[in-house]
Each structure stands twice: as C-alpha cells, then as structure tokens.
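# Architecture and fold: a report
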2 protein chains.
Amino acid sequence: MLAGRRVEDLPTPAFTVDLDVVKRNTQEMAERFRALGVNLRPHMKTHKSLEGGDLMTGGTRRRIVISTLAEARFFADGGFDDILYAYPLPFDKVEECATLAERLESFHVLVDSAEALALLKGRPLHRGKRWKVWLKIDCENKRAGVRHTDPAALELAQAIAAGPMELAGVYAHCGNSYHCQGVPEIQSVAQTTTEMVLQFMEKLREEGIPCPVASIGSTPSCSRPVPEMAKLQEVHPGNYIFYDVQQMTIGSCQLTDIAVRVLTRVIGHYPHRNQMLVDCGWTGLSLHSLGQLPTGYALVEGHPNLKLVGMSQEHGRVEAVTGKLDLAQFPLGSLLSLIPYHACATAAMHPVYYVHIKGQVVATWKPVKGW
Amino acid sequence: MLAGRRVEDLPTPAFTVDLDVVKRNTQEMAERFRALGVNLRPHMKTHKSLEGGDLMTGGTRRRIVISTLAEARFFADGGFDDILYAYPLPFDKVEECATLAERLESFHVLVDSAEALALLKGRPLHRGKRWKVWLKIDCENKRAGVRHTDPAALELAQAIAAGPMELAGVYAHCGNSYHCQGVPEIQSVAQTTTEMVLQFMEKLREEGIPCPVASIGSTPSCSRPVPEMAKLQEVHPGNYIFYDVQQMTIGSCQLTDIAVRVLTRVIGHYPHRNQMLVDCGWTGLSLHSLGQLPTGYALVEGHPNLKLVGMSQEHGRVEAVTGKLDLAQFPLGSLLSLIPYHACATAAMHPVYYVHIKGQVVATWKPVKGW
C-alpha cells in the first residue's frame, strides 16, 4: 500500500487518478442530467472499480451499466444493484444471467435478436422474478442492435412485451459520436440519435407496447447534451469519469478534465539517434491512438515538444516533435507524465490505480479484470 | 476452475494454450541450443506464469530473464533463481533490486550507462554478495544499450569489471529481427548480431576485462540460429513458448507451432452491412497488428475468408475478406477461434489461461501482472 506517498515517488509505470477531477467530472454529469430531469445510469467499463462506481452513482450503488459478467459479479458482490448488462445476450451466459437476475433486485439483460429472446424464454426465472429485457436498437452506430427503422425492431419489442418477460427499456449507443470533431458535430449526433430513439418510442406507443425507458449513451453526447435529450428517461455514459485525449479531441472535455496519467521515468539517453527511453511500453499505456497524435501515443504533460514515437512491451521511445531533444532537461530517472489517448484502454492494462489529491496518494483502487 | 471441460464449452472470450504445442516448442528450443552447446536463458515476459517457466527451464527453475520487478518477485517467490532483470536499471528500483540480489542465489541486473553503475556502487550489497552486472550493448537494434562500436561501451565494461561488482555478461537483443521476412533475413540478422557481440567480447579479452557470458536473444534469431551462435555462451528468446502470427509472418515458425488462441462467440448478425459481431474486443485480443493483416487483427482458424475488421472494448466486427458473409455458417452462439498476431500482447490482456490437451482443459495458469 502506497497511500501517503507523493505520486512522484511511486514506482513506475503507475496509473494515477486525480480524485478532485473525478469528483468534478462525476458531479457535473450528475447535475447536468438532474437539471434535464433524466436519470443517469453510468457505465462502469472505464474504471471497473467499486470506488469509481460509488462516485458515479453518488453513493447509491444503484442504476449502473456493465459490459461483462465479471463486472456484474464484482459490482453485485460489492453491494451494487439495478445493473444493466448492456451487451447482446451471449448464448453461453444465459444461466449465469439467470442466477444474477434471481439474486439481485434488478438485473437487466439486452437483446437484439429473436434467437436471444427465445433463449430467455427457455429459461424462466425462479423466485417470482421475470426477465427485465432491453431492446438494443442501432441508430446509425453500426455495431450491435436492430436498425431503428427495421420492422424487425418493432416486432422484437412486441415479442418481448408479450411476456413472460417485460420490456424494460430501449437502448442505443451513439458510438458514432466518437467520429466527431467539436461540440456542434457531437450535438448533431446527440440530436439525431435522440430523435431516432424518440420516434421509435412513439411507434411503440402507437402499437400499444408498454416501455418505460428510452436510454442513449456515449460520453461525447452526454457531455454536450441537446435539450431534446430531456425527453429521454435515462442516459448511460461511462468514460467521463476519467476523460482522455480522445475525448478532448472530439470536444467532450477540456485538458483540465482529464483525471488520469501514466507516470513513467527516463531510463536511457541515446543522443546519437536523438532519442530517450522511458519505462512505459504498451503494457502500461496500450497501443490506442495507434501513434497518430502529433505527439505520438500520448501527450507528455508540460512538454509539448516531446513525442512518444513507439513502444515495445516495457519500453517507450521518446523523441522531439521538432529539432534536437535536449537530454539535459530529462536526466536519467526523471519523471514524465503521460496523458492517455484512451483511458478505458490504459486503465485496462493496470491492476491497481493510484488515487491522489493534489499529488498525495490517498487510496488505491483495484479494478475487476476478465470476463 | 474449469479443468475437465472441453475448450468449446469455456465462457468466451477465453485465452487457450495447447500444452502439446507448448511442450514441443520449449523442447525444440532447448534441444536446438543443447546441440549448439549454448545455454538457454528463456525470457518469461510472454507467458509470465510459473508453469510456463517450468516448461521453458525443463523443470530446473533456474536461469531465466524477466523484464519487470513484478515478474522478479513472482518467479523468486515461486522458487526460481538465477534471474536476469534484463532491463536498463530503473533508478527508482535499485533498493528492490538489492533486496532481490541479497535474497536470491543469483539476481543479475543490466546497465547501459555510467549513471546506473554509479547508483549500484552507491548501494553495496550485504550478506557477502556483490552485484552481478550485465552490460547491454546495442547491435543495430536501436532500443536500449550502448552501441557496440562506441568507445563508451568498452569504458563501461571496464568500469563494471573494476569492481566491487562483477561483469557477469554482455547482452544484446536483436529486436531488429522483427522486421525480417523469411529465414534468410532472420539468419542474416542473427549472423550480424552474433559477430558484433563476439567482436565486442574479443575487445574485452584484448583489454583484459574478464566477462564469462555473451548472450543474444529474440525468438526469430533463436528459432532459426546460425552456426556462429555456437560461440556464444547464452541465448535468451521468450515468445517461442507460444509463437504467434507475427512470428509466422517473420518466418520463425509454422502455423502449427502457434500454441495459443482466443476463443470467441458470434453474438450478432447484421446482414444489411454484411457483418457479424463476436464477443472479443480489444480487451480480449489487444490492438496489435493494427488491423493490417489481410484478415485484419487476427487469423480466424479454419475460415480464411473471415476478417476481424475492428474492435471496440468488448465487441469484434467480422466481415468476409471477399464476397458476401454466409451468416448461416455462423449461427448466433457459435464459436470462432482467433489466432493472435502478438501472443505477448494478447496474453497480457488475460487474467487466466486455459491450458488444454487436444481440446480438454487440464489446467489454468495465472500470470503475474503489473510492475
């Protein structure tokens, strides 16, 4: 346990979380949707920690989204409930979903096919429970979901609502917001996705299919919401607890909103090739960004002229963006702070997060891994 | 514990290891260098497991390489010894290295700078021990190491050998073999690196600097060795325990030598965009290959016309390489077997490996994580 230490004294590479920034990010998101009268159902996939879940739910430990059963078990064991497994029902995991649904007050599953629904019908719940089933619709995101305009979507909603399960909600992920640049583009996706979902809800009403909740998600759309989103019942963003360079580039946040860093130390000087090595490779950062930032695989805090040009398993190669690298500025052993491109991916590489307030470590969080 | 199950029945995504193939890979590498009269000091970084270490050392649990102190502690706690920490000495970890050097019969460190050597001099070992220090030289690999032709290399060797530490060896990683295509290119790198190291050893002899061991590594060069390598004392490959598509592409191995797979299931059919989803995203495979294989991010075993075109955290998108995807061939819930591009990177994403013999799970291995 390294609580009490300064982050500068942590062994590197170290994944650090600025608690003040996390609190601000989570409170602002909560307030944003409280003001709109929309419930927030935060996604746990970015941090996968009980402590992060506490902050995102304002301490209620209720109403969350997860995307693996390892997360479901972990949060259930940690006292969380009202858990939505927002993932196309995997056919090998129906029995475990049933166990969770029977054990928790509220464990929701999601389907986008008649085959998945048939599996749920084939495994009725005990203990007086019935399946709470969400319909995943695809609103131009092109990943999972029945297309919102496809008659099959309405048919599937009808089939769910016909029982013995209940249609608990309609779920859309506006992952296409990740291709945006700037707030107007994000808001355009948010507006379009919201309208598509609301149109679908209207069709449900016309058909007399009861469905209490429409939910959309993605950190960009929920960080820059449009007024129309007030007509939804829920939103389900996740990344905003940490934010990252990707979100900043999209326009979801400012640099000062990014709560996480990978601390790394200089381990070698190679002036003949104008390069130095640091002790963070892809095991500490991931390969996300694919090196395509002007500064390579990350931003180096306070050093806009440094570029992380490549990584092997435990080594990172740092060059100057332009000109000669001034090695005297970075003695062997000195610390650099990398701002990750994709916080979800970087967090996934670390078995422990060092949580600090103004640079003083106050806690360590241990995320769940695996499936 | 899922021992006894068939791999087809494992929850997905699952990282599987074919024990017969691992045994063959490790035995062949051991025999190859026994025949050459060269000691094998296998690198643990790919699998990071006690069981893998057992197989790579032929059960001796002696003479290994590691690249993080988490691995050092893990293998030391597991009864391994004669451990070389083949990583430019990190300045924040000298005290922990000292503890390991005092605790183990033989814990070796590596330096490529006078500054690192000065740190070791400033922390003499207790218990009658002295530092075993390896000199890292760079033979055109352009990562860590003093260039083999740089007078500084000889000076640093001299300074190490002057005591109170001992110069335990000279270490070169021919990582440039990873840019090869085909056995002749690999053997050219192996030949050149060996000659450079041997020339450097000759210079040491001329200067009267005692140094018992010259070691080179990389799975390509050690899988396709040249006769000159018989003049070395050690080699230190690592990836060969598993091999992967990258190694096959380089020419280090055949497809049948690749011991690992990621099993994944079909979770969605999207005929309108000629695509299906599988339950393996970058958390199960990593982004290595950057999608640049003709089949995307992996090979799909037995299905050369399938292409893993993209991944998000828990979803993989699969298309046909050419033509229309025949979804009837891949019902929802059916299993696909992904052959990873980079086994080290894929293994790093998994908290447990499912080890099987002819498809029957016989053990689970738990790798060490972190630093």
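Now for a look at the structure at hand.

Cut-offs and rules
- Throughout, a residue's number is its position along its own chain's written sequence, starting from 1.
- All chains are assigned letters beginning at A, and all ligands numbers beginning at 1, according to the order in which they are written.
- It should be noted that, the model being predicted, local features are given only for residues of pLDDT at least 70 and side-chain atom pairs only at 80 or more, the latter also being counted only at that level, while totals for whole chains, interfaces and linings use all residues.
- To get the side-chain values, all heavy atoms of the structure are used, and hydrogens and water are removed first.
- Think of it this way: any DSSP run of H or I at least four residues long counts as a helix, any run of E at least two long counts as a strand, and we number them from the N terminus.
- We compute the radius of gyration over the C-alpha atoms and compare it with the globule rule, which gives 2.2 Å times the number of residues raised to the power 0.38.
- For the exposure calls, accessible area comes from a 1.4 Å probe over protein chains only, and a residue counts as buried if that area is under 20% of its type's maximum, exposed if over 50%, partly exposed in between.
- Here, residues are in contact when the closest pair of their heavy atoms is within 4.5 Å.
- Values of accessible area rely on a 1.4 Å probe in the Shrake-Rupley scheme; residue burial ignores everything except the protein chains shown.
- Buried area, as used here, totals the accessible surface that two parts lose on assembly, with accessibility defined by a 1.4 Å probe and the loss added over both.
- Criterion for a salt bridge: a side-chain nitrogen of Lys or Arg within 4 Å of a carboxyl oxygen of Asp or Glu.
- Pairing of aromatic side chains here covers Phe, Tyr and the six-membered ring of Trp, requires ring centres within 6.5 Å, and sorts the geometry by plane angle: under 30 degrees stacked, over 60 edge-to-face, intermediate tilted.
- For this overlay, a least-squares fit was computed on C-alpha atoms, restricted to residues scoring pLDDT of at least 70 in both copies.
- Fitted lines through C-alpha atoms give the axes, limited to the stretch in contact for helices. The angle between two N-to-C directions lies from 0 to 180 degrees.
- When describing relative orientation, an angle under 35 degrees is termed roughly parallel and one over 145 degrees roughly antiparallel, while 65 to 115 degrees is termed roughly perpendicular and anything else oblique.
- All residues other than Ala, Val, Leu, Ile, Met, Phe, Trp, Tyr, Cys, Pro, Asp, Glu, Lys and Arg, Gly among them, are scored as polar; the first ten of these are nonpolar and the last four charged.
- Joining through side-chain atoms within 4.5 Å is the link that ties buried Ala, Val, Leu, Ile, Met, Phe, Trp, Tyr and Cys residues into a set, and such a set is a nonpolar core.

This part covers the overall build of chain A. Counting its regular elements, chain A contains 11 helices and 18 strands. Against the 2.2 N^0.38 benchmark of 21 Å for 371 residues, chain A shows a C-alpha radius of gyration of 22 Å, consistent with a compact globule. By principal-axis analysis of the C-alpha atoms, chain A measures approximately 70 × 40 × 35 Å. Classification of the 371 residues of chain A by burial places 62% in the buried group. Excluding contacts between residues fewer than 6 apart, the proportion of contacts in chain A whose partners are at least 24 apart in sequence is 67%. Of the roughly 13200 Å² of accessible surface on chain A, a fraction of 51% belongs to carbon and sulfur atoms.

What follows deals with unusual backbone geometry. The step from Gly163 of chain A to Pro164 of chain A runs through a cis peptide bond, and the omega angle for that step is 10°. When you line up the elements, Pro164 of chain A lands in the loop between α6 (151–161) and β8 (166–173). The backbone phi angle of Arg127 of chain B is positive, close to 55°, even though this residue is not glycine. Structurally, Arg127 of chain B can be placed in the loop between α5 (114–121) and β6 (132–138). Accessibility expressed as a relative area gives 66% for Arg127 of chain B, which makes it exposed. In this structure, Ser289 of chain B is a non-glycine residue whose phi angle is positive, near 85°. Structurally, the position occupied by Ser289 of chain B is in the loop between α10 (282–285) and β13 (298–300). On the accessibility criterion, Ser289 of chain B (10% relative accessible area) is buried.

Size of an interface: often given as the accessible area lost when the parts come together. At the junction of the two partners, chain B supplies 55 residues and chain A supplies 55 residues. Of the roughly 4400 Å² buried between chain B and chain A on both sides combined, carbon and sulfur atoms contribute 62%. Summed over the three residues of chain B that lose the most area to chain A, namely Tyr87, Arg143 and Trp371 of chain B, the buried surface amounts to 17% of that side. There are eight salt bridges connecting chain B and chain A.

Once that is clear, we can look at the environment of Ile258 of chain B. Residue and element names in this part refer to chain B. For Ile258, the location among the structural elements is in the loop between α9 (245–250) and β11 (260–270). The exposure class of Ile258 is buried, given its relative accessible area of 3%. Separated by 246 residues in the primary sequence, Ile258 and Thr12 place their C-alpha atoms 20 Å from one another. With sequence-adjacent residues up to four places away left out, Ile258 is seen in contact with Val21, Phe242, Tyr243, Asp244, Val245, Met248, Cys253 and Ile339.

The full count for this structure, using the stated rule, is 16 aromatic pairs over all chains. Centroid distance Phe15 of chain A to Phe242 of chain A: 5.9 Å. Interplanar angle 65°. Geometry classified as edge-to-face. Within this pair, whereas Phe15 of chain A is found in strand β1 (residues 14–18), its partner Phe242 of chain A is found in the loop between β10 (234–235) and α9 (245–250), the two being separated by 227 residues in sequence. Judged by its relative accessible area of 0%, Phe15 of chain A is buried. When the centroid spacing of 5.2 Å and the interplanar angle of 85° are considered together, the rings of Phe74 of chain B and Phe75 of chain B count as edge-to-face. Among the residues examined, Phe75 of chain B registers a relative accessible area of 0% and is labelled buried.

Two copies of one chain are present, and they are related through a rotation about an axis combined with an axial shift. At an RMSD of 0.0 Å, chain B and chain A line up after a rotation of 180° and a shift of 0.0 Å along the axis. With respect to symmetry, the two chain copies, as superposed, fit the operation of a two-fold axis. For chain B, the minimum C-alpha distance to the rotation axis belongs to Leu287 of chain B and amounts to 3.3 Å. Interface residue correspondence from chain B to chain A reaches 100%, placing this contact among same-surface, isologous pairings.

When two helices pack together, their arrangement is given by the angle between the helix axes and the distance between those axes. Residues and elements named next belong to chain B. Between α5 and helix α6 (residues 151–161), the shortest axis-to-axis distance is 10 Å and the interhelical angle comes to 5°. Classified by the angle their axes make, α5 and α6 are roughly parallel. Counted together, Ala114, Leu117 and Lys121 of α5 and Leu156, Ala159 and Ile160 of α6 form the full contact between these two elements. Looking at the contact of α5 with α6 residue by residue, the classes come out as five nonpolar, no polar and one charged.

A separate point is the nonpolar core. Counting residues in each nonpolar core, the largest one holds 116 residues, and the members touching the most others are Phe107, Trp131, Val197, Leu204 and Phe242 of chain B. Discounting chain neighbours no more than four positions away, the residues touching Trp131 of chain B are Val94, Cys97, Ala98, Ala101, Val109, Leu120, Arg123, Leu125, Met165 and Glu166 of chain B. Counting residues in hydrophobic clusters, the runner-up holds 114 residues, among them Val21, Phe33 and Cys180 of chain A together with Tyr270 of chain B.

This brings us to helix α4 (residues 94–103) of chain A. Among all positions in α4 of chain A, only Val94, Cys97, Ala98, Leu100, Ala101 and Glu102 of chain A are buried. Residues of α4 of chain A that are buried sit in contact with α3 (69–77), β4 (81–88), β5 (107–111) and α5 (114–121) of chain A.

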